[in-house]
Amino acid sequence: MSIISKDISKAVALLTNEELVAIPTETVYGLAGNIYSEKAIKAIFETKKRPFFNPLIVHIPSVDLLNDIVDYIPEKAQLLADAFWPGPITLVLKKKTIIPDLITAGKDTVAVRVPNHATTLELLKQLPFPLAAPSANPFSSISPTTAQHVEDYFKDTIKMVLDGGPCKSGIESTIIGFENDAPIIYRLGSTSIEAIEAVVGTIEIKNTVTEGGSLSEVEMSRSQKEISPNAPGMLARHYAPKTKTILTHNVSETLKQHRQKRVGVLVFQNEIKTNTIKAQIVLSKTGDLTEAASNLYHALHQLDKAELDVIIAEQFPNYGLGKSINDRLSRATKS
Ligand code: AMP
Ligand code: MG
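**Q** Honestly, the pairing of strand β3 (residues 30–34) in this entry has me stumped. Any pointers?
**A** The side chains of a regular strand alternate between the sheet's two faces. Across the five residues of β3, five count as buried, placing the element largely inside the fold. Inspection of the sheet shows strand β2 (residues 21–23) paired to β3 by three bridges, in the antiparallel sense. Residue pairing for β3: Val-21 is matched across the bridge by Ala-32. Between the antiparallel neighbours β2 and β3 lie six residues.

**Q** Would you mind going over the sheet that holds strand β15 (residues 310–314) with me for this structure?
**A** The strands making up a sheet associate through backbone hydrogen bonding, with each pair oriented either parallel or antiparallel. As summarised here, the arrangement of the four strands in space is β12-β15-β13-β14, forming an open sheet in which the pairing is parallel. Pairing within the sheet leaves two strands with one partner each, and these edge strands are β12 (244–248) and β14 (279–282). With direction set aside, neighbouring strand axes in the sheet form an average angle of 15°. On the sheet, helix α11 (residues 289–304) packs against β13 (263–267), β14 and β15 and is oriented at approximately 175° with respect to β13. Contacting β12, β13 and β15, helix α12 (residues 321–332) crosses the sheet at an angle of about 140° to β12.

**Q** Just to check I follow, could you spell out the nonpolar core for this structure?
**A** Across soluble globular proteins, nonpolar side chains have a tendency to be buried as a group. Leu-80, Leu-91, Ile-158, Ile-176 and Ile-196 are the most contacted members of the largest nonpolar core, which has 47 residues in total. For this core, the secondary-structure elements that each account for two or more residues are α2 (38–48), α3 (66–69), α4 (75–84), β5 (89–94), β6 (109–113), α7 (147–154), β9 (174–179) and α8 (193–200). Apart from residues lying up to four places away in sequence, Ile-176 is in contact with Leu-80, Ile-89, Thr-90, Leu-91, Val-92, Pro-183, Ile-184, Ile-185, Ile-196 and Ile-203. Judged by nonpolar contacts, the second largest core, of 24 residues, contains Leu-266, Leu-303, Ala-313 and Ile-325.

**Q** It is not clear to me how the confidence of the model for the chain should be interpreted in this structure. Could you clarify?
**A** Should the pLDDT be low somewhere, the predicted coordinates at that spot are not to be read in detail. Overall, the predicted model of the chain reaches an average pLDDT of 91, with 90% of residues at or above 70. With pLDDT under 50 throughout, residues 208–229 is counted as low confidence; its partners more than four residues away or in other chains account for 44 contacts.

**Q** What should I look at first to understand the side chain of Thr-254 in this one?
**A** Looking at the element boundaries, Thr-254 is found in helix α10 (residues 251–256). Side-chain polar atoms of Thr-254 contact the side chain of Thr-248, separated by 2.8 Å. In this structure Thr-254 touches Ile-246, Thr-248 and Ile-312, once residues within four positions along its chain are discounted.

**Q** Honestly, the pattern of salt bridges in this entry has me stumped. Any pointers?
**A** Close approach of charged atoms allows side chains with opposite charge to pair. Evaluated as defined, the whole model comprises twelve salt bridges. Between Glu-19 and Lys-159 there is a salt bridge, with the nearest N and O atoms lying 2.8 Å from each other. Here Lys-159 lies in the loop between α7 and β8 (161–162) and Glu-19 lies in the loop between α1 (8–16) and β2, a separation of 140 residues in the sequence. The shortest N-O distance in the salt bridge between Asp-101 and Lys-95 comes to 3.6 Å.

**Q** Just checking my understanding: could you explain the environment of Val-63 for this structure?
**A** Turning to its location among the elements, Val-63 is positioned in the loop between β4 (57–59) and α3. Put simply, Val-63 and Ile-176 are 113 residues apart on the chain and 16 Å apart in space, counted from C-alpha to C-alpha. Not counting the four nearest positions on each side in its chain, Val-63 is found in contact with Gln-78, Ala-81, Asp-82, Trp-85 and Val-114.

**Q** Quick question: what am I supposed to make of helix α6 (residues 118–126) here?
**A** Each α-helix winds once per 3.6 residues, and so residues spaced three or four apart point in a common direction. Listing the buried residues of α6 in full gives Thr-119, Thr-120, Leu-121, Leu-123 and Leu-124. Packed against the buried residues of α6 are α1, β2, β4, β7 (131–132) and β8.

**Q** Just to check I follow, could you spell out the environment of Tyr-153 for this structure?
**A** Tracing the sequence through the fold places Tyr-153 in helix α7. In this structure the C-alpha to C-alpha distance between Tyr-153 and Lys-48, which are 105 residues apart in sequence, comes to 9.5 Å. Once residues within four sequence positions are removed from consideration, Tyr-153 is found in contact with Ala-136, Asn-137, Pro-138, Ser-141, Ile-142 and His-301.

Conventions and cut-offs
Residues numbered from 1 in each chain as written. Chains lettered and ligands numbered in written order. Predicted model: local features only at pLDDT ≥ 70, side-chain atom pairs only at ≥ 80, totals over all residues. Heavy atoms only, no water. Buried < 20%, exposed > 50% of the residue type's maximum accessible area, 1.4 Å probe, protein only. Helix = DSSP H or I, 4+ residues; strand = E, 2+ residues; numbered from the N terminus. Pairing = 2+ DSSP bridges. Axes fitted to C-alpha atoms, helices over the stretch in contact; angles between N-to-C directions. Contact = heavy atoms within 4.5 Å. Core = buried A, V, L, I, M, F, W, Y, C linked by side-chain atoms within 4.5 Å. pLDDT = per-residue confidence, 0-100. Polar contact = N/O pair within 3.5 Å; in protein donor to acceptor, adjacent residues only side chain to side chain. Salt bridge = Lys/Arg side-chain N within 4 Å of Asp/Glu carboxyl O.

Given below as C-alpha cells:
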C-alpha cells in the first residue's frame, strides 16, 4: 500500500508520536521529525544513513518564532528573513541552548528557515514544536522533488509522505551564515546571489564552487576531510545519480567520445539533434533558469532509471540560478 497521503491530521498524529513524516517544501521534500525528540532525530540520521556530523535544518511556520530558536539576530539576518521568508533561504545563527546538539552536530549555531509551501506551513502551525528536516533521500543521492521519489526511496522505512505536489523551486535552499555579523553564502541554492545582494549588498561565497562550476582540488580535499563542514551540502559528492555523469560546455563534442555507449543527455534549452542517444531531457525550452532548476532533479531521477552507461549534462550560464544548477551538476559528477 502507498504511504503517500494528503492527510495533514495524520501527519500531525505521527509527528506528535515521535515518528518521521516526509513533507513537501518549495525546494525538495524533507524527512521531518520533532526537533525535541531524540528518538525522531536519531531516526532521521538512520533512515538517511546520514553521518551525525551533518547538521539539520529547523523549519518554523513564521519569522516571529525565530527568537525561540536563536539567541541573536544580526541586522542583515533580519533583513534577509523579512525579505525572503517564507522562502528558500536558510539562515545559520547562534542557537538557543534548548536546541539539541544532535540537530546542530554539536555546533553552537543552528540552521533555520520558513518554507514556502501551503501544506507544510499549515502542518507547522498545527504542531507545538518545529520540524528538523533534511532532504528526504539517502545520503549523497538525488534529492526528491515529488512524493513518488520519496516513496521509491523509503517506502519500507517511514510511514507517511505528505503529498504537496511537485516542488516548485526544485533545488535546495541557499544557506547563509554570519561571521562578525556579515552574511556569507555557505551553499548556493534556490535563491540567487543577485536577489540576496539586492537586499544586503555584496556577499562572500565560502567553501563552494569556483568559476565554471567545479570545486578546486584544495576545496575538494578540504571539504571531504572536514569533520564538520559548515554545510553538508558542501561535501564534494552529493546530489548524485548512480549513473556516471559528465558535465560539459559542449555536449556535441563530448558525445563524440562516447559513441559506443548508451548515452543520456541533459541540456538547458536547445535539443541536441542526433539519433545516437537513448534519452534526452531539455530543462527549459524557453531558456528560463527558474524552470530549469525546478525540473533538474526530476530529470536526473528519470535519466538514472533509464539504464544508461553515461549521462552527459550541459554546463549552465554562470549567473543567477545557473550558478546553483552548475553547483549541483558538478557535485553529481564526482565519483
Ligand atoms: P539537506 O537539507 O539535506 O541539504 O541538509 C541540511 C543542510 O543544512 C545541510 O546541507 C547543512 O549545510 C545545513 N546546516 C544545518 N545546520 C547547519 C549549521 N549549524 N551550520 C551550517 N550549516 C548547517
Ligand atoms: Mg540533502
